[in-house]
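What follows is each chain in one-letter form.
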Amino acid sequence: MIIGLISDTHGLLREEVIQNLEGCDLIIHAGDIGKYEVLDKLKEIAPLEVVLGNCDRNIDDEFIATEKIVQIGNQKLYIIHDISKLNIDLQQEKINFVVYGHSHKRNIYTENGIIYINPGSVGPKRFKLPTTMVKLYIDEELTDEKFLKFDNYYIEFINI
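Presented here is an overview of the structure given in this document. (Residues numbered from 1 in each chain as written. Predicted model: local features only at pLDDT ≥ 70, side-chain atom pairs only at ≥ 80, totals over all residues. Heavy atoms only, no water.)

1. Observations concerning the sheet that holds strand β4 (residues 67–72)
Strand pairing in a sheet relies on backbone hydrogen bonds, with the paired strands running either antiparallel or parallel. Judged by pairing direction, the sheet is mixed, and its five strands sit side by side in the order β4-β5-β6-β8-β7 without closing on themselves. The sheet is open, and its two edges are formed by β4 and β7 (107–111), each paired on a single side. Each strand axis lies, on average, 20 degrees off the axis of its neighbour in the sheet, ignoring direction. Relative to strand β8 (residues 114–118), β7 runs antiparallel, the two being bridged by five bridges. Its bridge partner being in β8, asparagine 107 is matched across the sheet by asparagine 118. (Pairing = 2+ DSSP bridges. Helix = DSSP H or I, 4+ residues; strand = E, 2+ residues; numbered from the N terminus. Axes fitted to C-alpha atoms, helices over the stretch in contact; angles between N-to-C directions.)

2. Considerations on the nonpolar core
Within the largest apolar cluster, 26 residues are counted, with the highest numbers of intra-cluster contacts made by Ile6, Val17, Leu21, Ile27, Leu42, Ile45 and Met133. Among the secondary structure elements, those contributing two or more residues to this core are β1 (2–6), α1 (15–21), α2 (36–45), β3 (48–50), β9 (132–138) and β11 (153–159). Per element, the largest residue contribution to this core is four residues, and it comes from α2. The residues touching valine 17, leaving out its near neighbours within four places in the chain, are Ile6, Val122, Met133 and Ile160. Ile3, Ala30, Leu77 and Leu136 belong to the second largest nonpolar core, which has 22 residues in total. (Core = buried A, V, L, I, M, F, W, Y, C linked by side-chain atoms within 4.5 Å. Buried < 20%, exposed > 50% of the residue type's maximum accessible area, 1.4 Å probe, protein only. Contact = heavy atoms within 4.5 Å.)

3. Examining the pattern of salt bridges
Taken as a whole and judged by the stated rule, the model has three salt bridges. Between lysine 41 and glutamate 44 there is a salt bridge whose closest N-O contact spans 3.4 Å. Highlighted residues: lysine 41 and glutamate 44, both in helix α2, separated by three residues, approximately one helical turn. Among the residues examined, lysine 41 registers a relative accessible area of 33% and is labelled partly exposed. Salt-bridge contacts for glutamate 156 lead to lysine 146; the nearest nitrogen and oxygen are separated by 3.3 Å. Taken as a pair, glutamate 156 in strand β11 and lysine 146 in the loop between β9 and β10 (148–150) lie far apart in primary sequence, ten residues in all. (Salt bridge = Lys/Arg side-chain N within 4 Å of Asp/Glu carboxyl O.)

This is the structure:
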């Protein structure tokens, strides 16, 4: 399974992002969407899981929460925009991955057996930060050195 991870579009969905999401089995947007049109376009590419960010005051949808747990096979992903707002017991919930955004800075690390991924931002440029996204490969066997390997998962950082 290939999962496209993006965050902080702030209303801008670049053609390069769309191209990199083609072929994904699922897209996760970790907040600061900006415009409904972004969600509509993403839904045309693949099934979509999304949370609201701090700048999404204009997205008024009772079905979009500020945090979410998504079950993918036997893996659980916790999605939140701002990691500092995390308020669940990840161990108790048996979370495997935390996907977050907000900082516009890509990051990946493990803590207590959980993989934390911030795909960075694919929206408008902020300061001198690069425009980045991530693809997460679950139950895929990849050999290319461009992929980071964590247990049985592969992660690809993509610069746009």
